[in-house]
Amino acid sequence: MLSMIACVLATPVSAKVSVLMAQVTPISISVDPTSLMQQSRDLYERGLFEQAVDVLRQASQAYAAEGDALHQALALSNLSLTYQQLGLWTEANQTINESLALLENQPVNEQTASVLAQTLDIQGRFYFAQGQAEPALEAWQQASATYETIGDVSGAVAVQINQAQALQALGLYRRSIDLLNNITQHLSSQPAVLTRAVALRSLAEALLVTGNFPDARQALEKSLEIAQQSQSDAAPAAIAAAYLGLGNLTRSEASANLNYAGLTIAEALSLLEATDRPPPDLTEVALQQRSKAAAQAFYEQTTTALYWYQQAANHSASDSTRIQAQLKQFDLLVETQRWEQMQILYPQIQTQLNAQPLSHSHVYNQIELAQSLLKLRSHSLMPQAIVQLLATAHQQAITLQDSRAQSYTLGTLGKLYEITAQLPEAQRLTQQALTLSQSLNAGDISYQWQWQLGRLLKVQGQTDGAIQSYRAAVGTLQSLRNDLVAINRDVQFSFRERVEPVYRELVSLLLESNTSSTDLEKLVQARDVIEGLQVAELDNFFREACLDTQFQLDRVVDQANSSAAIFYTIVLPDRLEVILKLPQRPLFHYSTAVSQETVEDTVSTLLNELKRPIATRSLKTLSQQMYDWLIRPAESVLRESDISTLVFVLDGALRNVPMSALYDGQQYLMEKYGVAIAPGLQLPEPGRLQQHQVQALVVGLSEARNSFPALSNVATEIEEIKADVPSRVLFNQDFTRSNFQQAITSVPFSIVHIATHGQFSSNVAETFILAWDEPIDVNELTAVLQSREIMSPEPIELLVLSACQTAVGDRRATLGLAGVAVRAGARSTVASLWNLDDDSGAIFMSRFYEELVNASISKAEALRRAQQSLLTDPQYQAPRFWAPYVLLGNWL
């Protein structure tokens, strides 16, 4: 029988491989090589890889002497696997190729196929460990197909799990999830085998990256349950891996929820330490309470994550998983400033690292520890400790010929010297790191060193060089949009810390010394960067590249003769920048020296005032302040250019403000201009609504469903729309997901009006509308709306989302609104930022549709007139009633 070291059936490629020996009757074999193979197995399982190498060499030679090429190939593949554990990659590659060469000349039978499948699996592991996901995927696909030819279902399934990991490394998360779902469903009827636990764990990793936390947690908990029930020797490793996964998931949830609340970690920790002081008014009380609750929840979640990491370390049967768990635990302790626990754990990690053999994982473990120590700064263990870690890791990376690790060590050391203000040395090391990463075409690390180099040049007063480096970093990030192999999970989940600042710092540099009359080229570059940031944020929201990056706003304004002006805004730490585009005129810009904190505080207070049933003096004061920042400097040029519509590309907290409610001291903005928002910057071919084609699909829900209260005015709203526009209606019980999809594809409706509970959130999983039978999330909604392309290539002219609202307490909730507008494929979207529990919504919609069917006016003008009709009604003149309605996309 054939002997095999690798347990390729139930072990993820990232874990150390346990050893099983499969027995297959040999063609011709003596006792000695069989004994040697058994001995190598025992040594491998005990982690004595150097001794296992010697024994496997002897076994290979013995089989060669007997002329048993099949078993020699098996011994060589096991030898390659053992070399991989030692980090001897040249030797591992050579022996796996020797094994495959021997197998080429073997007769085609079940025994040969079994050895070939196992050898291809080991080759896939080799490629994957080298960061070569594509050849790894190809090798595993061949292995799976080979297993299937001999009816080895468990072998095929195990290799398919590895395929899923390769797909994830290539950024193909949807394909990975589909594959893993198929695997887990196939295994669901079988006993609690560890193969299923591994598949579920891999599925959870893919779901985590896509932001589907609930399903990821369900998969991990099931994986843990199966591993705990298993009697296999490999169960402890599977239990530890599940605990580690739960730690990573809980930490990601904590970070996402903090981001949802608009807080940084530093702000959250500061809130927890602060003594309660009475805020100036009730609005600030509510805001402070929400923020403090979010900070407390973050602390509790990270405490839970630390518990899972500790459990992973306690249950680990391998040094590899234990050190992974401890490093994650240490980094989180540093991040949340738990100094006492950190100082206890640090010596334990040092001891473990010192005992590790030379390997790629050992090098990256040292880099990870150094990066955690860099966060300590003034609380530090001495910088010399970081230097020593990185110097050792760098030398080991050279020995292993691991250029990627070399780049990481040099770049991280450059960051240390940046922090300690040793700028020339920091620049030299950063440049070396960048040269290495570019030689590997490793964009995910290249952009970090380009950004770092830009910061260093800026501090040294080399502005042009700094701009060049920042532009290179942004260009690298944009090139990665459709190649998510390079966007690792850490980058995806720390967008605000590791991606967004690159864009903002570049805009700041480009506009720093500019006035409205200087350097048009830099203004164009800054405008392009602002647009790029908008796209990057939506990509991050959906966890995939979702927008065409060819921007057309200038063309629409210049060629469509739309009498529109575009305001590009960006909020920087020390100022608020505005770039203005007018028809047939070059860009110009102006800047206001106001801190980001002041802008955000003003927005928060203004939003609370806007929702009051009367227009208070405070509301007008705050609204006028916003007007002074954004519009006042452009008043004269707007008048000169005969502008009728203002289009806003909004940034940060400004997205939450309905621009129509800005106040100039005499009038609201919507009294003078039509107002629109450009959420995704890529507009379908502009044009007015063709009146002879107007037909609406109107769906709505008035009854209480799924803990949501009744919407008593929806019925009236629908009746009013039917009176103005030819409509097909799905109401209450008829408004199911399947009926909605069927209706969308039956007739090419130019208008789709949805009147139901809905929520816009910065979390894609919490952005939804409510149908009678179930909530429909943003991805499902856009899939339904886009299905109409089967009937007609023309996009939906207008999507109306009535009675929806932005999520309470989510400072970036309008990202979800922009996501719906962009992904729906509609030319224009009208939505409400908050829901109203009175007749004003039905009155507004009725007037809006009355104006919309007037062929002589634009959508923006129809919206403006509907808002103005409420403003002139004594019962509804406060902005609360008319301001929440916003127009996104095509304003014509």
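Here the structure is a predicted model, which is why all the values come from computation and not from measurement. (Residues numbered from 1 in each chain as written. Predicted model: local features only at pLDDT ≥ 70, side-chain atom pairs only at ≥ 80, totals over all residues. Heavy atoms only, no water.)

*Asks:* Explain the pattern of salt bridges to me, please; I cannot follow it from the model alone.
*Replies:* If charged atoms from side chains of opposite charge come close, those side chains can pair. Across all of its chains, the model carries 34 salt bridges by this definition. Among the ionic pairs, Arg575 bridges to Asp574, the shortest N-O distance being 3.1 Å. When its relative accessible area of 9% is taken as the criterion, Arg575 is described as buried. (Salt bridge = Lys/Arg side-chain N within 4 Å of Asp/Glu carboxyl O. Buried < 20%, exposed > 50% of the residue type's maximum accessible area, 1.4 Å probe, protein only.)

*Asks:* What should I look at first to understand the side chain of Thr814 in this one?
*Replies:* Considering the arrangement of structural elements, one finds Thr814 in helix H33 (residues 814-823). According to the relative accessible area criterion, Thr814 is buried, its value standing at 8%. (Helix = DSSP H or I, 4+ residues; strand = E, 2+ residues; numbered from the N terminus.)

*Asks:* In this structure, what is going on with unusual backbone geometry? I would like to understand it.
*Replies:* Glycine aside, negative phi is the norm for most residues, and most peptide bonds take the trans geometry. The phi dihedral of Gln584 is positive, around 60°, even though this residue is not glycine. Of note, Gln584 is situated in the loop between strand E2 (576-581) and strand E3 (588-592). Phi at Ala803 takes a positive value of approximately 75°, unusual for a residue other than glycine. Among the structural elements, Ala803 can be located in strand E11 (residues 798-806). Judged by relative accessible area, Ala803 falls into the buried class, the value being 11%.

*Asks:* How should the environment of Gln450 be read in this particular structure?
*Replies:* Along the polypeptide, Gln450 turns up in helix H20 (residues 443-459). Sequence-wise, Gln450 and Ala433 are 17 residues apart; in three dimensions their C-alpha atoms are separated by 9.6 Å. With residues near it in sequence (within four places) discarded, Gln450 still touches Leu434, Gln438, Ser469, Tyr470, Ala472, Ala473 and Thr476. (Contact = heavy atoms within 4.5 Å.)

*Asks:* Sorry if this is basic, but what is going on with the packing of helix H17 (residues 383-399) against helix H18 (residues 403-419) here?
*Replies:* The relative placement of two packed helices comes down to the angle between their axes together with the axis-to-axis distance. Two numbers describe how H17 lies on H18: the axes approach to 8 Å, and their chain directions differ by 160°. Judged by the inter-axis angle, H17 sits roughly antiparallel to H18. For the crossing formed where H17 meets H18, the hand is left-handed. Across from Pro383, Ile386, Val387, Leu390, Ala393, His394, Ala397 and Ile398 in H17, the residues of H18 making contact are Ala405, Gln406, Thr409, Leu410, Thr412, Leu413, Leu416 and Tyr417. The residue makeup of the contact of H17 with H18, split by class, is 12 nonpolar, 4 polar and no charged. (Axes fitted to C-alpha atoms, helices over the stretch in contact; angles between N-to-C directions. Parallel < 35°, antiparallel > 145°, perpendicular 65-115°, else oblique. Left-handed = near helix turned anticlockwise from the far one by under 90°. Nonpolar A, V, L, I, M, F, W, Y, C, P; charged D, E, K, R; others polar.)

*Asks:* Could you clarify how one ought to interpret the packing of aromatic side chains in this entry?
*Replies:* Pairs of aromatic rings are described using the distance from one ring centre to the other and the angle between the two planes. Per the stated rule, a full pass over the model turns up 19 aromatic pairs. Ring geometry for Phe128 and Trp140: centres 5.6 Å apart, planes at 45°, overall tilted. Here Phe128, found in helix H5 (residues 110-129), pairs with Trp140, found in helix H6 (residues 133-149); they are 12 residues apart in sequence, far enough to count as distant. The class for Phe128 is partly exposed, based on a relative accessible area of 23%. (Phe/Tyr/Trp six-rings, centres within 6.5 Å; stacked < 30°, edge-to-face > 60°.)

*Asks:* I tried to follow the environment of Gly841 on my own but got confused; where do I start?
*Replies:* Here Gly841 lies in helix H34 (residues 840-852). Residue Gly841 is classed as buried on the basis of its relative accessible area of 10%. In sequence terms Gly841 and Thr716 are 125 residues apart; their C-alpha atoms lie 9.6 Å from each other. Excluding residues within four positions of it along the chain, Gly841 makes contact with Glu717 and Tyr885.

*Asks:* How should I be thinking about the packing of helix H24 (residues 500-511) against helix H25 (residues 520-542) in this particular structure?
*Replies:* Two numbers describe how H24 lies on H25: the axes approach to 9 Å, and their chain directions differ by 165°. Classed by the angle they form, the pair H24 and H25 counts as roughly antiparallel. The handedness of the crossing between H24 and H25 is left-handed. Residue-level contacts link Glu500, Tyr503, Arg504, Leu506, Val507, Leu510 and Leu511 of H24 to Lys522, Leu523, Gln525, Ala526, Val529, Ile530, Gly532, Leu533, Ala536 and Glu537 of H25. Considered class by class, the residues forming the contact of H24 with H25 number 11 nonpolar, 2 polar and 4 charged.

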